[in-house]
Amino acid sequence: MSEIVTLQTYLERWAGGAPAKTAVAEAVRAIAAAGVGIADLVARGPLEESLAKIRGAEANAGGDTQKELDVVAEERILAALKPTPVAFLASEESEALIPVNPAGRLVVAVDPLDGSSNIDTNVSVGTIYSILPYDAGNHADPKDAVMRPGRDQVAAGFLAYGPATVLVATFGAGTQVFVHDRESGDFLLARAGVEIPAETKEYGVNQSNVRHWDAPMTRYIEDCLAGKEGPRGKDFNMRWVGSMVADAFRIFTRGGVYLYPGDKRKGYESGRLRLIYEANPVAFLTEQAGGGATDGKTRILDITPHHIHQRIPLVFGSKAEVETIAAYY
Ligand code: AHG
Ligand code: MN
Ligand code: MN
């Protein structure tokens, strides 16, 4: 029988006692622990109906309405990170950076609850995180620490609260899948060194936006729809959950591409996904699993952000298909 590796053991082995890595390990352990609590809340479903309620008339920092669970998830993550070496938290739900631990040496950026529109529908939602180094001496404004291209991330991952609560994590040496074991309470390593198949016949996109898309995007989807008889010479399948974490997990499992392009709607010029706490962590995980991630023209991990809550067109998944899509652009 193969060895059972808990998240704790994995983190200890990876860190090997090195202080900088141990700090990252502590942050990831805290986020995973907060995730278990959030998963419990999500699992109460309609018994906890108020979690899907919109908070007042308020919109969050990115201009979306805020649901009760968006805010509760952020509170849980913040509380979990307090005793860890994390100096600041950047979050979808907060306009400015939140101070965490003055002695911290890391910054964490999170989408506390991804897939808010699915909260009350018994469909997977999740939490996405990105971890960057922080050096008080170097970063005059703590914001400078998060305004870094994604290639500077030291770790990234997401939790998906579905039939299983999973943690997909990278520390820059491959992408690993951990599953929360309800019996022991531990996260157990289920898949090490995930590899996304390079080729695929499956794409995920919100096709109701077709009339708003630009020409390359429309052409790509038309060619997929043309199937075997079309220029792609193969029949495609479409899968779209509407929670990026769930769509990403499917892609890490069997390949595929996820697309959220920019479109002509006001506020969607750069798509919907946020660069720092959605696109960057998913791009890091994807590349570490042999896949690709682009905004159509530029590798996601090479983009320097100009705003904490900036949006970015996002295409990620099977490498050859991502390259094909980039060629349409
Ligand atoms: P969030 O719930 O954090 O705002 O993110 C939702 C994202 C992503 O999870 C999903 O794939 C996409 O928005 C869905 O957008 P549409 O509702 O426009 O299809
Ligand atoms: Mn999200
Ligand atoms: Mn969110």
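Residues numbered from 1 in each chain as written. Chains lettered and ligands numbered in written order. Predicted model: local features only at pLDDT ≥ 70, side-chain atom pairs only at ≥ 80, totals over all residues. Heavy atoms only, no water.

Caption draft 1: Focus on the site of ligand 1. Taken together, 17 residues form the shell around ligand 1, and within it D114, N206, Y258, Y260 and R272 come nearest. G115 places a main-chain nitrogen or oxygen 2.9 Å from an oxygen atom of ligand 1. Between ligand 1 and the protein, one listed contact pairs an oxygen atom with a side-chain N or O atom of N206 at 2.7 Å. In the complex, 89% of the free accessible area of ligand 1, which totals 470 Å², lies under the protein chains. Broken down by secondary-structure element, the contributors of at least two residues to the shell around ligand 1 are strand 5 (106–114) and strand 13 (257–260). Here the element with the most residues in the shell around ligand 1 is strand 5; it accounts for three residues. Classifying every residue of the shell around ligand 1 by side-chain character gives five nonpolar, five polar and seven charged. Taken together, domain 1 (7–191) and domain 2 (202–328) each give at least three residues to the shell around ligand 1, which thus spans both. (Near = heavy atom within 4 Å. Polar contact = N/O pair within 3.5 Å; in protein donor to acceptor, adjacent residues only side chain to side chain. Areas by Shrake-Rupley, 256 points an atom, 1.4 Å probe, with all protein chains shown as cover. Helix = DSSP H or I, 4+ residues; strand = E, 2+ residues; numbered from the N terminus. Nonpolar A, V, L, I, M, F, W, Y, C, P; charged D, E, K, R; others polar. Domains from an automatic or database assignment.)

Caption draft 2: Quick look at the packing of aromatic side chains. According to the stated counting rule, one finds ten aromatic pairs in the structure shown. Here Y10 and F178 contribute two aromatic rings whose centre-to-centre distance is 5.3 Å and whose plane-to-plane angle is 75°, an arrangement assigned as edge-to-face. Here Y10, found in helix 1 (residues 7–15), pairs with F178, found in strand 9 (residues 175–180); they are 168 residues apart in sequence, far enough to count as distant. With respect to class, Y10 is no different from F178; both count as buried. Between Y258 and F316, the ring centres sit 5.1 Å apart and the planes meet at 25°, which makes this aromatic pair stacked. Of the two residues, Y258 sits in strand 13 while F316 sits in strand 15 (residues 314–317), which places them 58 residues apart along the sequence. Pair check on accessibility: Y258 and F316 agree, each one buried. In this structure an aromatic cluster arises from ring pairing among Y10, W14, F171 and F178. The ring of Y268 is capped by R265, whose NZ or CZ atom sits 3.6 Å from the centre of that ring. (Phe/Tyr/Trp six-rings, centres within 6.5 Å; stacked < 30°, edge-to-face > 60°. Buried < 20%, exposed > 50% of the residue type's maximum accessible area, 1.4 Å probe, protein only. Lys NZ or Arg CZ within 6 Å of the ring centre and 35° of its normal.)

Caption draft 3: Highlighting the environment of S130. Following the sequence through the fold, S130 ends up in strand 6 (residues 125–133). C-alpha of S130 to C-alpha of T170: the two residues are 40 residues apart in sequence and 9.9 Å apart in space. A distance of 2.9 Å separates a polar atom in the side chain of S130 from a polar atom in the side chain of Q153.

Caption draft 4: Structural view of the coordination of the manganese ion (ligand 3). Within the protein, E92 (OE), D111 (OD) and L113 (O) serve as the donor atoms for the manganese ion (ligand 3), at 2.1 to 2.2 Å. In the primary sequence, the donor residues of the manganese ion (ligand 3) line up as E-x18-D-x1-L. A distance of 3.7 Å spans the gap from the manganese ion (ligand 3) to the manganese ion (ligand 2), which D111 bridges by coordinating each metal. Residue E92 is located in the loop between strand 3 (86–91) and strand 4 (94–99), and its partner L113 is located in strand 5; the two are separated by 21 residues in the primary sequence. Overall, L113 belongs to the buried group, its relative accessible area being 1%. (Donors = N, O, S within 2.8 Å, 3.2 Å for Na, K, Ca; no water.)

Caption draft 5: Spotlight on the coordination of the manganese ion (ligand 2). Within the protein, the manganese ion (ligand 2) binds to D111 (OD), D114 (OD) and E278 (OE); these donor distances fall in the range 1.8 to 2.2 Å. All donors to the manganese ion (ligand 2) come from one chain, and their sequence spacing reads D-x2-D-x163-E.

Caption draft 6: Quick peek at the domain arrangement of the chain. What the domain assignment lists for the chain is domain 1 (7–191) and domain 2 (202–328). Computed over C-alpha atoms, the centres of domain 1 and domain 2 are 23 Å apart. On the domain 2 side, the residues contacting the 48 residues of domain 1 number 31 residues. Roughly 3,000 Å² is buried in total at the junction of domain 1 and domain 2, and carbon and sulfur atoms are behind 63% of that figure. Linking domain 1 with domain 2 are two salt bridges. A salt bridge links E92 to R274; the shortest N-O distance between them is 2.8 Å. Here domain 1 and domain 2 share 15 residue pairs in polar contact (both at pLDDT 80 or more) between them. Those elements that provide at least two residues to the side of domain 1 that touches domain 2 are strand 3, strand 4, strand 5, strand 6, helix 4 (143–146), strand 7 (155–161), strand 8 (165–170) and strand 9. (Contact = heavy atoms within 4.5 Å. Buried area = accessible area lost by both parts, 1.4 Å probe. Salt bridge = Lys/Arg side-chain N within 4 Å of Asp/Glu carboxyl O.)

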